[in-house]
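# Overview (structure and organization)
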Amino acid sequence: MTKKVKESVKLFFLNILFVVLCFLSLIPILYALSVSLNSNNSLLSSNFSFIPKAFTLDNYRAVFVDEPIMLWLSNSLILAISTLVIALGTGIPAAYVFSRQRFVGRNLILKTIILLYAFPSLLSMTALYKILSPMGLINTRIGLIIVYTGTEAVFALWNMKGYFDTIPKEIEEAAMIDGASPFKIVVKIVMPLARPTIAVTAMMVLIYVWNEYIFAVNFMTGSNTYTLAAGLYSLQASEMSGNWPIFSAASIVVSLPILIVFFALQKNMTTGLTSGGVKG
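Since the structure is predicted, the reported quantities are computational estimates derived from the model, not experimental observations.

## Description of the overall build of the protein
The secondary structure content of the protein amounts to 13 helices and 0 strands. From first element to last, N terminus to C terminus, the protein shows the α and β order α-α-α-α-α-α-α-α-α-α-α-α-α. The burial tally for the protein puts 37% of its 280 residues in the buried class. Nonlocal contacts in the protein, meaning residues at least 24 apart in sequence, comprise 73% of its contacts between residues at least 6 apart. Carbon and sulfur atoms make up 70% of the accessible area of the protein, which amounts to about 16,600 Å² in all.

Structure below.
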């Protein structure tokens with residue numbers, strides 16, 4: 001068997017493996033979809049089938065009619081968009097400066113930032129609560145935006161810095177020789193080149209805020225301030241009293257906005273995911 005044939009066989013079985021893994025990863029989603037379309041309030045059953053035997057769309061109607069999911073959706077959208085704008089608005093310029101400029105204390109600042117970022121966010125919950133409480137920022141969107149931005153701005157800085165390090169400085173130097181101003185170089189040259197990683201960074205920030213649960217539950221105590229994650233938990237307070245079909249329907253509905261954004265940015269995902277960590 002020639003080397004080329006061996007490589008083709010290996011590639012074939014590798015593709016089969018990836019296809020099987022994709023199907024396996026879809027099982028929980030298909031399970032939730034099946035439960036959401038079932039009129040019986042049962043999660044586990046000996047005769048479970050992915051095709052519901054008692055098909056109904058009433059669970060989806062109940063999500064939009066009986067539950068304040070649109071209010072939770074608006075709260076999550078405000079938090080996600082605000083965090084995204086602030087995190088990228090501060091993280092990207094900071095990443096460019098740390099990538100291109102050399103100044104006293106640069107390495108110390110970067111090491112300190114990554115050291116603080118390495119600690120689990122749960123360790124800072126009590127401290128953040130005591131800081132925000134006297135300022136009246138508990139149970140407010142502003143307080144939660146501050147918490148999210150503090151985490152995601154650091155992530156944006158490090159992810160974007162890794163990509164800016166891969167962009168040759170000669171490109172900027174050539175533009176500068178041609179008379180381009182520093183602002184024009186960044187806007188017209190650097191930012192378009194960094195578009196894939198900007199898209200990936202934005203996607204990561206959105207996913208974090210969209211799915212974040214711990215801070216949302218502890219810092220937003222009113223039912224009218226619930227995010228989608230906190231609202232979903234309120235639908236399923238306990239395994240005995242919760243309505244699993246409605247919970248599953250709400251879970252499917254909640255995942256759709258992020259799924260749409262993901263497919264919209266899909267063409268930038270492959271390049272952006274692999275290029276941000278080339279250099280540090």
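The rest of the description comes next.
## A word on the packing of aromatic side chains
Scanning the entire structure with this criterion turns up 7 aromatic pairs. Seen in terms of ring centroids, F215 and F219 are 5.5 Å apart; in terms of plane orientation they differ by 75 degrees. Their pairing is edge-to-face. Taken as a pair, F215 and F219 lie in helix 10 (residues 214–219) at a separation of 4 residues, close to a single helical turn. The exposure class of F215 is buried, given its relative accessible area of 3%. The exposure class of F219 is buried, given its relative accessible area of 1%. Seen from their ring centres, F262 and F263 are 5.8 Å apart, and the 70 degrees between their planes marks the pair as edge-to-face. Residue classification places F262 among the partly exposed positions, given a relative accessible area of 29%. Every member of this aromatic cluster is reached through a ring pair, and the members are Y129, F215 and F219.

## Considering the pattern of salt bridges
Under the definition given, this model contains 2 salt bridges. D165 serves as the salt-bridge partner of K161, at 2.8 Å between the closest nitrogen and oxygen. Assessed through its relative accessible area of 16%, D165 is described here as buried.

## Some points on unusual backbone geometry
Positioned with a positive phi, N139 is a non-glycine residue whose angle comes to about 65 degrees. Inspection of the secondary structure assignment puts N139 in the loop between helix 5 (125–132) and helix 6 (141–164).

## Considering the packing of helix 11 (residues 228–235) against helix 12 (residues 244–264)
One can describe the packing of helix 11 onto helix 12 by two numbers: an axis separation of 10 Å at closest approach and a directional angle of 170 degrees. The angle between helix 11 and helix 12 places the two elements in the roughly antiparallel class. Residues L228, L232 and L235 of helix 11 touch helix 12, and the partners they reach there are F247, A250, S251 and V254. In terms of residue class, the contact of helix 11 with helix 12 is built from 6 nonpolar, 1 polar and no charged.

## Quick look at helix 9 (residues 195–211)
Helix length check: helix 9, at 17 residues, gives a terminal C-alpha distance of 24 Å against a target of 24 Å (1.5 Å per residue), a fit within 8%. The element helix 9 is extensively covered by neighbouring structure, given that 12 of its 17 residues are classed as buried. Residues of helix 9 that are buried: P196, T197, I198, A199, V200, T201, A202, M203, V205, L206, V209 and W210.

## Description of the environment of Y163
Examined against the element boundaries, Y163 turns out to sit in helix 6. Looking at Y163, the relative accessible area reads 10%, which means it is buried. Sequence-wise, Y163 and I198 are 35 residues apart; in three dimensions their C-alpha atoms are separated by 9.4 Å.

## A short note on the confidence of the model for the protein
The pLDDT averaged across the protein works out to 82; a share of 89% of its residues lies at or above 70. Here helix 13 (residues 266–275) stands out as the element of the protein with the lowest mean pLDDT, 58, in contrast to helix 3 (residues 69–100), whose mean of 91 is the highest. Long-range and interchain partners of residues 272–280, a stretch whose pLDDT sits below 50, account for 18 contacts in this model, where long-range means more than four residues apart.

## Points about the side chain of N75
Position of N75 among the secondary structure elements: in helix 3. Taking the relative accessible area as the measure of exposure, N75 reaches 1% and is therefore buried.

## Overview of the packing of helix 2 (residues 58–65) against helix 12
Across the interface, helix 2 lies against helix 12 with an axial gap of 8 Å and an inter-helix angle of 70 degrees. Considering the angle they form, helix 2 stands roughly perpendicular to helix 12. When helix 2 is examined against helix 12, the residues N59, Y60, A62, V63 and F64 are found in contact with a partner set consisting of P245, I246, A249, A250, I252 and V253. In terms of residue class, the contact of helix 2 with helix 12 is built from 10 nonpolar, 1 polar and no charged.

What counts and how
- Numbers given for residues are sequential positions, taken from 1 along each chain in its written order.
- Local features in this predicted model are restricted to residues of pLDDT 70 or higher, and side-chain atom pairs are both shown and tallied only at a pLDDT of 80 or more, whereas totals for entire chains, interfaces and linings draw on every residue.
- Side-chain descriptors were evaluated using all non-hydrogen atoms of the structure, hydrogens and water having been removed beforehand.
- For helices the rule is a DSSP run of H or I covering at least 4 residues; for strands it is a run of E covering at least 2, with both sets numbered from the N terminus onward.
- Each residue is assigned to one of three classes by its accessible area relative to the maximum for its type, calculated with a 1.4 Å probe on protein chains only: buried under 20%, partly exposed between the two thresholds, exposed over 50%.
- Contact definition: two residues touch when any of their heavy atoms are within 4.5 Å.
- In this description, accessible areas are obtained by the Shrake-Rupley approach with a 1.4 Å probe, and a residue is regarded as covered only by the protein chains that are shown.
- Stacked, tilted and edge-to-face are the three classes applied to pairs of Phe, Tyr and Trp rings, where Trp contributes its six-membered ring and a pair requires centres within 6.5 Å; stacked means planes under 30 degrees apart, edge-to-face means over 60, and tilted covers the rest.
- A carboxyl oxygen of Asp or Glu within 4 Å of a side-chain nitrogen of Lys or Arg is what we treat as a salt bridge.
- Lines fitted to C-alpha atoms define the axes here, with helix axes fitted over just the stretch in contact, and angles between the N-to-C directions of these axes take values from 0 to 180 degrees.
- If an angle is under 35 degrees, it is roughly parallel; if it is over 145, roughly antiparallel; if it lies from 65 to 115, roughly perpendicular; otherwise it is oblique.
- Residues are grouped as follows: nonpolar covers Ala, Val, Leu, Ile, Met, Phe, Trp, Tyr, Cys and Pro; charged covers Asp, Glu, Lys and Arg; every other residue, Gly included, is treated as polar.
- Each helix should span, by expectation, one fewer than its residue count multiplied by 1.5 Å.
- For every residue, the predictor states its confidence as a pLDDT score lying anywhere from 0 to 100.

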